[in-house]
Amino acid sequence: MKKEKKKKSTKHLFLICFLLIVVSACSNDDSSSSDTVDDSSSDTVDDDSVDNDNGSVTTDGLHAAFAEFDTDETDIYLDGDNVVIETTGYPNHTSYYWGEDHELYLDEDIGANATPSTIPGRDASATLTVSANPELATSSTSTQLGTIGISVSGAAIFNDQEGNGALTDGVAKGLDYSGGHIGPSVYHYHLEPKAFTDDDENLVGILADGFFIYGRKCNSTGTYPTDLDDSGGHTHTTQHSDTEEYHYHIINELYLDQYYIIFAGDYKGNPGNIN
Ligand SMILES: [Zn+2]
Ligand SMILES: [Zn+2]
């Protein structure tokens, strides 16, 4: 009898041990899986802190904003105190102006007002050389006809002039959905380039004085800035800079009651070279 009891209790002990092992194994699984979650979430935090550590400069010494430029269309690098932005000049998005035979062609109802040229086959390349640390100049400089900046898509930014006059409604009606067309030269934007910024804080590109230009909203407040100068500029933080720096915005004011001009002001910095 006694022996049997002992046997039974030993059996019970084994069973309890077995259950404990199973339970602890399960709980180990639980903790390891929650460890994984913890790890991944802390990894994300780590990634963020890496970004913060970098501040507004990427590992190659360039301003963090340059990471948004299309690497297929642009080649951006430091040359001493300057930054060089080389571009094919071709927009990396669909447009009527690619022409019917191109895969990026977009059929838009602008035919009567469209300019006759198409993008393929043209040499639209350009090189902008500007200070890597642009500063506000003592006096502003008016922009010129032709390229006044390079956008993140690779295509040129023009001002509010077409030929020898301000952009007319007729010309504007011939612009593609992204505010671009081809004049006598290269494909270029006059209006808010909706292919990559549409009533938001997205980066538009860089102007020839080395200052970046953003969409109609500012990351520092999440809404339309109210403290812009007559060129659409102000000094604030952005999504690409933890420290306050001068930058432009597309001004949130309608032109001809229906368009948003990219840039109609003067350069507030010293313009570099565009070739
Ligand atoms: Zn034009
Ligand atoms: Zn801003």
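Residues numbered from 1 in each chain as written. Chains lettered and ligands numbered in written order. Predicted model: local features only at pLDDT ≥ 70, side-chain atom pairs only at ≥ 80, totals over all residues. Heavy atoms only, no water.

S.K.: Explain the coordination of the zinc ion (ligand 1) to me, please; I cannot follow it from the model alone.
M.R.: Ideal geometry at a metal centre: 109.5 degrees between donors when four sit tetrahedrally, and 90 or 180 degrees when six sit octahedrally. Here the zinc ion (ligand 1) is held by Glu162 (OE), His181 (NE2), His188 (NE2) and His190 (NE2), and the distances to it run 2.0 to 2.1 Å. For the zinc ion (ligand 1), the 4 donor atoms are set out with angles of 87 to 158° between them, so the coordination reads as irregular. The sequence motif formed by the donor residues of the zinc ion (ligand 1) is E-x18-H-x6-H-x1-H. Neither His181 nor His190 differs from the other in exposure class; each is buried. (Donors = N, O, S within 2.8 Å, 3.2 Å for Na, K, Ca; no water. Tetrahedral: all angles 85-135°; square planar, octahedral: opposite > 155°, others 65-115°. Buried < 20%, exposed > 50% of the residue type's maximum accessible area, 1.4 Å probe, protein only.)

S.K.: Whenever I open this one, the coordination of the zinc ion (ligand 2) confuses me. Can you help?
M.R.: Each protein donor to the zinc ion (ligand 2) is listed here as Cys218 (SG), His234 (NE2), His247 (NE2) and His249 (NE2); together their distances run 2.0 to 2.2 Å. Between the 4 donor atoms coordinating the zinc ion (ligand 2), the angles at the centre fall across 101 to 123°, so the site counts as tetrahedral. Sequence spacing of the donor residues for the zinc ion (ligand 2), all on one chain, is C-x15-H-x12-H-x1-H. Note that Cys218 is positioned in the loop between strand 12 (212-214) and strand 13 (233-238) and His234 in strand 13, a separation of 16 residues in sequence. Each member of the pair, Cys218 as well as His234, is classed as buried. (Helix = DSSP H or I, 4+ residues; strand = E, 2+ residues; numbered from the N terminus.)

S.K.: Which parts of the structure should I look at to understand the nonpolar core?
M.R.: What tends to happen in soluble globular proteins is that the nonpolar side chains get buried as a cluster. Of all hydrophobic cores here, the largest spans 39 residues; its most connected members are Phe66 and Ile85. When contributions to this core are tallied by element, the ones reaching two or more residues are strand 2 (82-87), strand 3 (126-131), strand 10 (187-189), strand 11 (203-207), strand 12 and strand 14 (241-249). It is strand 11 that contributes the most residues to this core, 4 residues altogether. Leu167, Ala172, Leu175 and Ile261 belong to the second-largest nonpolar core, a separate cluster that totals 6 residues. (Core = buried A, V, L, I, M, F, W, Y, C linked by side-chain atoms within 4.5 Å.)

S.K.: Honestly, the packing of aromatic side chains in this entry has me stumped. Any pointers?
M.R.: Two aromatic rings, taken as a pair, are described by how far apart their centres are and by the angle between their planes. Per the stated rule, a full pass over the model turns up 12 aromatic pairs. Look at Phe211 and Tyr246: their rings are 4.8 Å apart centre to centre, the planes differ by 65°, and that puts the pair in the edge-to-face class. With Phe211 in the loop between strand 11 and strand 12 and Tyr246 in strand 14, the pair connects residues that are 35 residues apart, well separated along the chain. Owing to a relative accessible area of 3%, Phe211 belongs among the buried residues under this scheme. Between Phe211 and Tyr248, the aromatic rings sit 6.0 Å apart at their centres with planes inclined by 80°, giving edge-to-face as the arrangement. With Phe211 in the loop between strand 11 and strand 12 and Tyr248 in strand 14, this pair connects stretches of sequence that are 37 residues apart. Here the two residues Phe211 and Tyr248 agree in accessibility, since each one is buried. Ring pairs connect the aromatic residues Tyr96, Tyr97, Tyr105, Tyr187, Tyr189 and Phe196, which therefore count as one cluster. (Phe/Tyr/Trp six-rings, centres within 6.5 Å; stacked < 30°, edge-to-face > 60°.)

S.K.: Which parts of the structure should I look at to understand the confidence of the model for the protein?
M.R.: In regions of low pLDDT, the predicted coordinates are not meant to be interpreted in detail. Across the protein, the average pLDDT comes to 85, with 79% of residues at 70 or higher. The model gives residues 1-10 a pLDDT under 50, and that stretch makes 0 contacts with residues more than four places away or in other chains. Every residue in residues 13-54 is under pLDDT 50, and counting partners more than four places away or in other chains gives 1 contact. (pLDDT = per-residue confidence, 0-100. Contact = heavy atoms within 4.5 Å.)

S.K.: Please explain the sheet that holds strand 6 (residues 156-157) as it appears in this structure.
M.R.: Strand pairing in a sheet is mediated by backbone hydrogen bonds. Such pairs are either parallel or antiparallel. Spatial strand order, 9-10-6-5-11-12-14-13: 8 strands in an open sheet with mixed pairing. Each of the sheet's edge strands pairs with one partner strand only, and the pair in question is strand 9 (180-182) and strand 13. Relative to strand 6, strand 5 (residues 149-151) is paired through 2 bridges, and the arrangement is antiparallel. Residue pairing across strands places Gly149 opposite Ile157, the latter belonging to strand 6. (Pairing = 2+ DSSP bridges.)

S.K.: Looking at this structure, I do not really get the pattern of salt bridges. What am I missing?
M.R.: Side chains carrying opposite charge are able to pair once their charged atoms draw close together. Applying the stated criterion across every chain, the model contains 6 salt bridges. One salt bridge connects Arg216 with Glu192, and the closest N-O pair in it is separated by 2.8 Å. Separated by 24 residues along the polypeptide, Arg216 in the loop between strand 12 and strand 13 and Glu192 in the loop between strand 10 and strand 11 bring together distant segments of the chain. Taken individually, Arg216 and Glu192 each receive the classification buried, so the pair is uniform in this respect. Between Asp198 and Lys194 there is a salt bridge, with the nearest N and O atoms lying 3.3 Å from each other. According to the relative accessible area criterion, Lys194 is partly exposed, its value standing at 35%. Taken together, the salt bridges that share partners define one network made up of Glu192, Lys194, Asp198, Asp199 and Arg216. (Salt bridge = Lys/Arg side-chain N within 4 Å of Asp/Glu carboxyl O.)

S.K.: Quick question: what am I supposed to make of the pairing of strand 14 here?
M.R.: In this structure, strand 12 lies alongside strand 14, joined through 2 bridges in parallel fashion. The residue of strand 14 that forms the bridge with Ile213 is Tyr248. Sheet analysis places strand 13 next to strand 14, joined by 5 bridges and oriented antiparallel. Residue pairing in the sheet places His236 in a bridge with Glu245 of strand 14. As consecutive antiparallel partners, strand 13 and strand 14 are separated by 2 residues.

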